[in-house]
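Given next are the chains, with one letter for each unit.
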Number of protein chains: 2
Amino acid sequence: MKIQLEQVLPKEIEERSFQIITQKLNEMGWTPDEPCASIVKRVIHTTADFDYVKNLIFSKDVLERALDAIRNRASIVTDTQMAMAGINKQALKQLGIEAYNFMGDDDVAQKAKQNGTTRAAACMEKAAGLEGPVIFAIGNAPTALVRIYELVQERELAPALVIGTPVGFVNVEQSKELICSLKVPYIIAKGQKGGSNVAAAVVNALLYQLYKR
Amino acid sequence: MKIQLEQVLPKEIEERSFQIITQKLNEMGWTPDEPCASIVKRVIHTTADFDYVKNLIFSKDVLERALDAIRNRASIVTDTQMAMAGINKQALKQLGIEAYNFMGDDDVAQKAKQNGTTRAAACMEKAAGLEGPVIFAIGNAPTALVRIYELVQERELAPALVIGTPVGFVNVEQSKELICSLKVPYIIAKGQKGGSNVAAAVVNALLYQLYKR
């Protein structure tokens, strides 16, 4: 068996990948509804999973609001080191954006233990204390989304954007439905699928709308 | 609409998730073929994507060989910071294992530029210089797998294990087929799907066979 590699220069791999994704979407009869199409395509680029065409849902005018928040130097808060690692650091730097992950913090571990909750939930409480607009990028913990929901209900939090893409089987779908029931800007991966990689891909897709490479 | 959350203690979420995964696999008529079933289940836990039942393929006796390598304190080399971030650090520490990612190294960037290749490929050359057994956990760059293939062919490298789960559309499937054509221990996610999260999940599934929580 001869395995043939496609000859593509390193810097052209991403562009070629997006061409293939766009072509496949066209074959599927999906007419890209810009501007959110760029987010859908980047998530497919990250997962090779075309289910995200159906799974990703967007609140009204969310792209406009998200970009406004980024222009206003919103902080980004993740629920995993993995999502943090996946966010483009050069883009953050150029746009003057800080990203935070509190999962390893001692005060978070202590609070979670005290309250019998997860560290992810305790992180959201810590994030509620940040100055300025906050974009939440939650790719792992449904308990983080549930805590965001509660904090919004209690008027303790008004997120600039909630990216909600936890993956899994216990309270994952419900936690996403809770966010969709709020009047906050959201980008949600419906159903069981998602992940830290998906959350990071959504963040990057947003940053790349403003980032000059 | 009333959204009902399942009442599960934080420490029980993972166990409950694996019960749900096992049940669904039973419904699908998939009889777990231990010991590799633990790897398949952990990847599904990470992705909620049951395609991995079919996609994950294993070379003969791979689990035995991988665990031998881990007992012999094999180094783990990843092709992304994201895969690094996803590997359980407490398990690494307890088992006395080092994990490396050379993507940010200056000598790697320089070598990639010189050779007109990717940094991921240059990282594999650097990894070939490590002492002792090496487990490669490649979740992103097909060029890393291609370079591993070439180094093995040139007898410059004899990996203890190649975890090959790049995701994407350009040379991804071919790079995985190249690894499967070698006589090296491998765990491969066939097709376009995969990711750094999948590579990290496979590593963790292996570590958890020996890690005492």
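Predicted model, so just to flag it, every value in this text is computed and none were measured.

### What about the overall build of chain A?
Next, step 1: Helices and strands together make up the secondary structure of chain A, namely eleven helices and six strands.
Next, step 2: On C-alpha atoms alone, chain A measures out to a radius of gyration of 18 Å, which is about the 17 Å that the 2.2 N^0.38 rule sets for 213 residues.
Next, step 3: Projected onto its principal axes, the C-alpha coordinates of chain A cover approximately 60 × 40 × 35 Å.
Next, step 4: Here chain A, with 213 residues, has 57% of them falling under the buried criterion.
Next, step 5: Sequence-distant contacts, at least 24 apart, represent 66% of the contacts inside chain A between residues at least 6 apart.
Next, step 6: Per element, the accessible surface of chain A, about 9,900 Å² overall, is 46% carbon and sulfur.
Next, step 7: Across chain A, the mean location of the 25 positive side-chain charges is 3 Å away from that of the 24 negative side-chain charges.

### Re the interface of chain B and chain A
Next, step 1: Of the residues lining the interface, 41 residues belong to chain B; the matching set on chain A comes to 41 residues.
Next, step 2: Each partner contributes to the roughly 3,300 Å² buried at the junction of chain B and chain A, and carbon and sulfur atoms together form 73% of this total.
Next, step 3: Of all residues in chain B, Met82, Phe169 and Val170 of chain B give up the largest surface area on contact with chain A, accounting jointly for 22% of the area buried on that side.
Next, step 4: Joining chain B to chain A, the criterion identifies two salt bridges.
Next, step 5: Its salt-bridge partner being Lys193 of chain B, residue Asp49 of chain A comes within 3.9 Å of it at the nearest N-O pair.
Next, step 6: Connecting chain B to chain A are five residue pairs in polar contact (both at pLDDT 80 or more).
Next, step 7: The biggest single contributor to the side of chain B that touches chain A is helix H1 (residues 13-27) of chain B, with five residues.
Next, step 8: Broken down by class, the residue content of the side of chain B that touches chain A amounts to 19 nonpolar, 17 polar and five charged.

### With respect to the sheet that holds strand E4 (residues 134-138) of chain A
Residues and elements named next belong to chain A.
Next, step 1: Read across the sheet, six strands follow the order E1-E6-E5-E4-E2-E3 without closing on themselves; strand pairing throughout is mixed. In the strand order of this sheet, the two ends are held by strand E1 (56-58) and strand E3 (99-101), each with one partner. Across the sheet, the mean angle separating the axes of adjacent strands is 15° when strand polarity is ignored.
Next, step 2: For strand E2 (residues 75-78) and E3, the ladder comprises three bridges, and the chain directions are parallel. Each bridged residue has a counterpart across the sheet, and for Val77 the counterpart in E3 is Tyr100.
Next, step 3: In the packing of helix H8 (residues 119-127) onto the sheet, contacts are made with E2 and E4, and the angle to E4 comes to roughly 170°.

### Things to note about the environment of Glu150 of chain A
Residue and element names in this part refer to chain A.
Next, step 1: Tracing the sequence through the fold places Glu150 in helix H9 (residues 142-153).
Next, step 2: Accessibility expressed as a relative area gives 31% for Glu150, which makes it partly exposed.
Next, step 3: Considering only alpha carbons, one finds Glu150 and Ile179, 29 residues apart in sequence, at a separation of 9.7 Å.

### As for the nonpolar core
Next, step 1: Counting 101 residues, the largest nonpolar core has Leu206 of chain A together with Leu206 of chain B as its most contacted members.
Next, step 2: In this view, Leu206 of chain B contacts Ile39, Leu63, Ala66, Leu67, Ile70, Leu161, Ile163 and Ile187 of chain B; residues no more than four positions away in its chain are not counted.

### Regarding helix H10 (residues 172-180) of chain B
Every α-helical turn comprises 3.6 residues, leaving residues that sit three or four positions apart pointing alike.
Residue and element names in this part refer to chain B.
Next, step 1: Of the positions making up H10, those classed as buried are Val172, Ser175, Lys176, Leu178 and Ile179. Down the axis, H10 shows its buried residues gathered within 155° of arc, on one side only.
Next, step 2: Check the buried side of H10 and you find it contacts helix H9 (142-153), strand E5 (161-164) and strand E6 (186-189).

### Let's talk about the sheet that holds strand E3 (residues 99-101) of chain B
Residues and elements named next belong to chain B.
Next, step 1: The strand order across the open sheet built from six strands is E1-E6-E5-E4-E2-E3, with neighbouring strands paired in mixed fashion. Strands at the two margins of the open sheet, each flanked by one partner only, are strand E1 (56-58) and E3. Neighbour-to-neighbour, the strand axes of the sheet open up by a mean angle of 15°, direction not taken into account.
Next, step 2: Along the sheet face, helix H4 (residues 62-71) touches E1, strand E4 (134-138), E5 and E6 and points at about 115° away from the line of E4.
Next, step 3: Of the strands in this sheet, E4 and E5 are in contact with H9, which crosses E4 at around 150°.

### Focus on the relation of the copies chain B and chain A
Next, step 1: At an RMSD of 0.0 Å, chain B and chain A line up after a rotation of 180° and a shift of 0.0 Å along the axis. Expressed as an axis order, the relation between the two copies is that of a two-fold axis. No C-alpha of chain B approaches the rotation axis more nearly than that of Met82 of chain B, which lies at 2.6 Å.
Next, step 2: A share of 100% of interface residues in chain B that are also interface residues in chain A marks the association as one of identical surfaces.

Cut-off values and rules
- Residues numbered from 1 in each chain as written.
- Chains lettered and ligands numbered in written order.
- Predicted model: local features only at pLDDT ≥ 70, side-chain atom pairs only at ≥ 80, totals over all residues.
- Heavy atoms only, no water.
- Helix = DSSP H or I, 4+ residues; strand = E, 2+ residues; numbered from the N terminus.
- Rg over C-alpha atoms; globule rule 2.2 N^0.38 Å.
- Buried < 20%, exposed > 50% of the residue type's maximum accessible area, 1.4 Å probe, protein only.
- Contact = heavy atoms within 4.5 Å.
- Areas by Shrake-Rupley, 256 points an atom, 1.4 Å probe, with all protein chains shown as cover.
- Lys, Arg positive; Asp, Glu negative; His and termini not counted.
- Charge placed at Lys NZ, Arg CZ, Asp CG, Glu CD.
- Buried area = accessible area lost by both parts, 1.4 Å probe.
- Salt bridge = Lys/Arg side-chain N within 4 Å of Asp/Glu carboxyl O.
- Polar contact = N/O pair within 3.5 Å; in protein donor to acceptor, adjacent residues only side chain to side chain.
- Nonpolar A, V, L, I, M, F, W, Y, C, P; charged D, E, K, R; others polar.
- Pairing = 2+ DSSP bridges.
- Axes fitted to C-alpha atoms, helices over the stretch in contact; angles between N-to-C directions.
- Core = buried A, V, L, I, M, F, W, Y, C linked by side-chain atoms within 4.5 Å.
- Arc of directions from axis to C-beta.
- Least-squares fit on C-alpha atoms with pLDDT ≥ 70 in both.

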